[in-house]
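Per-entry structural report
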Amino acid sequence: MNIRILLILSTVIFVITGCSSSRATAPLSPEIPEASYTGKGTNAGPMLVGSLGAMGIGVGIAIDIGIAKDFHQQIEIHKAKYIKNISFLLNGYFPNAESFSLSQLDFTAAQRDENLVNTSLVIKVEDNSDIDFVSIELETIKFDDLKTSDAFWQSLEKKLKTGL
């Protein structure tokens, strides 16, 4: 009878210590910061001044805020499909991290083509008591794709697969 208890106790200890040495993938927080966009509206602001006066600049900025909300909405809609794989890829770069979060998300119209968008983001990496911020620049993304699809997540995933 004592051997049976010893065997069960040994198995339990083995399972507990075996599981504690394998580290789970650090999660990416599902919270997405408000996105900013500078482009079509801001660029049109000075032209709108001619017809709307000083309000033209405000209207241009409001247009960009609306565009940023459209981008943000698509990011939110598609995040569930990508968040686990993005976490996995980030863990490859930061194996000791305990968690990740997007802390900044900025979009700007490409200088030569407003139908292309430059994307930069900052990822917060938490490891024990250390916090690091990593800036990432993605390849340009088509404006319409950002407004209507998972293009942001595809671009981020591609960047993490090919190297920071």
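Refer to the structure printed above.
Computed from a predicted model, the values in this text were never measured in an experiment. (Residues numbered from 1 in each chain as written. Predicted model: local features only at pLDDT ≥ 70, side-chain atom pairs only at ≥ 80, totals over all residues. Heavy atoms only, no water.)

Let's talk about helix H5 (residues 151-162)
Given a rise of 1.5 Å per residue, twelve residues ought to cover 16 Å, and the 16 Å separating the end C-alpha atoms of H5 matches this to within 8%. Glycine 163 sits one or two positions beyond H5 and adopts a positive phi of about 120 degrees. (Helix = DSSP H or I, 4+ residues; strand = E, 2+ residues; numbered from the N terminus. Expected span 1.5 Å × (residues − 1).)

Focus on the pattern of salt bridges
By the definition in use, this model includes five salt bridges. Taking the shortest distance from any N to any O, the salt bridge between lysine 147 and aspartate 70 comes out at 3.3 Å. In this pair, lysine 147 sits in helix H4 (residues 143-148) while aspartate 70 sits in helix H3 (residues 55-93), placing the two residues 77 residues apart along the sequence. Looking at lysine 147, the relative accessible area reads 29%, which means it is partly exposed. A salt bridge links aspartate 150 to lysine 81; the nearest nitrogen and oxygen atoms lie 3.5 Å apart. Taken together, the residues aspartate 150 in the loop between H4 and H5 and lysine 81 in helix H3 connect sequence positions 69 residues apart. (Salt bridge = Lys/Arg side-chain N within 4 Å of Asp/Glu carboxyl O. Buried < 20%, exposed > 50% of the residue type's maximum accessible area, 1.4 Å probe, protein only.)

Here we look at the sheet that holds strand S3 (residues 116-127)
In a beta sheet, neighbouring strands pair by backbone hydrogen bonds and run either parallel or antiparallel. One open sheet accounts for four strands, arranged S1-S2-S3-S4; its pairing is mixed. Each end of this open sheet is capped by a strand with a single partner; those strands are strand S1 (36-38) and strand S4 (130-142). In this sheet, neighbouring strand axes are inclined to one another by 20 degrees on average, regardless of whether the strands run parallel or antiparallel. Running over the sheet, H5 touches strand S2 (99-109), S3 and S4 and is turned about 115 degrees from S4. (Pairing = 2+ DSSP bridges. Axes fitted to C-alpha atoms, helices over the stretch in contact; angles between N-to-C directions. Contact = heavy atoms within 4.5 Å.)

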